[in-house]
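In case you want the letters, here they are:
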Amino acid sequence: MKKLATVLLTLCLLLSFNTGCSKKDKKDASTKTKKEQTSKDEEGIIQVDSSAPDIIKVRSICQLATMDCYYHNVCKGVKSAGTGVSHIGEKDREFWFEYSAEATIGIDVSQVEIVIDGDEITVYYPHAQIIGNIRVDADSTTEPICQEEGFFQNSNYITADDITGALVNANDAIRQEIESDPSIFRASEMRAEELLENYINQLMAQSGKTYKIKFAYVESMTA
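Computed from a prediction, not measured in an experiment: that's the story for all the values here.

**Here we look at the overall build of the chain**
Looking only at helices and strands, one finds four helices and nine strands in the chain. When the elements of the chain are put in sequence order from the N terminus, they spell out α-β-β-α-β-β-β-β-β-β-α-α-β. By the burial criterion, 29% of the 223 residues in the chain qualify as buried. Across the chain, contacts joining residues at least 24 apart in sequence account for 73% of those joining residues at least 6 apart.

**What to know about the pairing of strand E6 (residues 120–125)**
Burial of E6 is extensive: five of the six residues sit out of reach of the surface. Both strand E5 (residues 113–117) and E6 contribute to a ladder of five bridges, which runs antiparallel. Paired with Glu113 across the bridge in E6 is Tyr124. The antiparallel hairpin formed by E5 and E6 contains two residues in its connecting segment, where Gly118 sits at a positive phi of about 65°. Here E6 pairs with strand E9 (residues 212–217) via six bridges, running parallel. The residue bridging Val123 from the neighbouring strand is Phe215, located in E9.

**Quick look at the pattern of salt bridges**
Note on pairing: side chains with opposite charge can pair once their charged atoms come close. For the structure on display, the rule yields seven salt bridges. Between Arg135 and Glu102 there is a salt bridge; the shortest N-O distance is 3.1 Å. Remark: Glu102 occurs in strand E4 (residues 93–106) and Arg135 occurs in strand E7 (residues 129–137); sequence separation between them is 33 residues. Here the salt bridges do not stand alone but share partners, grouping Asp68, Glu102 and Arg135 into one network.

**Some words on the environment of Ala128**
Structurally, Ala128 is set in the loop between E6 and E7. With a relative accessible area of 9%, Ala128 lands in the buried category. When near neighbours in sequence (up to four residues on either side) are disregarded, Ala128 contacts Ile105, Gly106, Ile107, Phe185, Ser188 and Glu189.

The rules we used
Residues numbered from 1 in each chain as written. Predicted model: local features only at pLDDT ≥ 70, side-chain atom pairs only at ≥ 80, totals over all residues. Heavy atoms only, no water. Helix = DSSP H or I, 4+ residues; strand = E, 2+ residues; numbered from the N terminus. Buried < 20%, exposed > 50% of the residue type's maximum accessible area, 1.4 Å probe, protein only. Contact = heavy atoms within 4.5 Å. Pairing = 2+ DSSP bridges. Salt bridge = Lys/Arg side-chain N within 4 Å of Asp/Glu carboxyl O.

Okay, here's the thing in structure tokens:
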């Protein structure tokens, strides 16, 4: 019984000691000046003071830098003749129609990182890319123009599936066209750099602290 009482007394003393330390830590922390305090945001970036850029805001700005590219395209397709007795007399039938599409060019914001080294800030970001799928404006699609059937030719009807398949191929062609033009992607990257530099300059103006700003591709972090 005495042994149990000794254990309980020891636990009470430990709890009292820890509580006292906790109160002391809170009191000490409350006396720190704003410039002495450091915090760590959820992304793991150390923020030394209010003049340091916030990684969440940096990524939001990169998202604002996306560009929407619009295309008006002529889609061409061929409905192949069917096989079997019911398709006797059918021939391949060409068709085409016009439509508008939209592609978004931007940066994957989840990969953006910032490194603060003294009075130098380096913003690392990935190369711009096509974000998501190419989107077709359904209201812009015209009625398909089809190759006329011969007098003795069996009908080879153009179906909705034929239209959809032709659109997929046409959008692949648009994607290849965009990806073959590096100037489109560089324009998106330069837009992101411009917005980020303006944001950091505003922080410097408010705090009186001066940073040298650098931009680099994310892959150079491990180079």
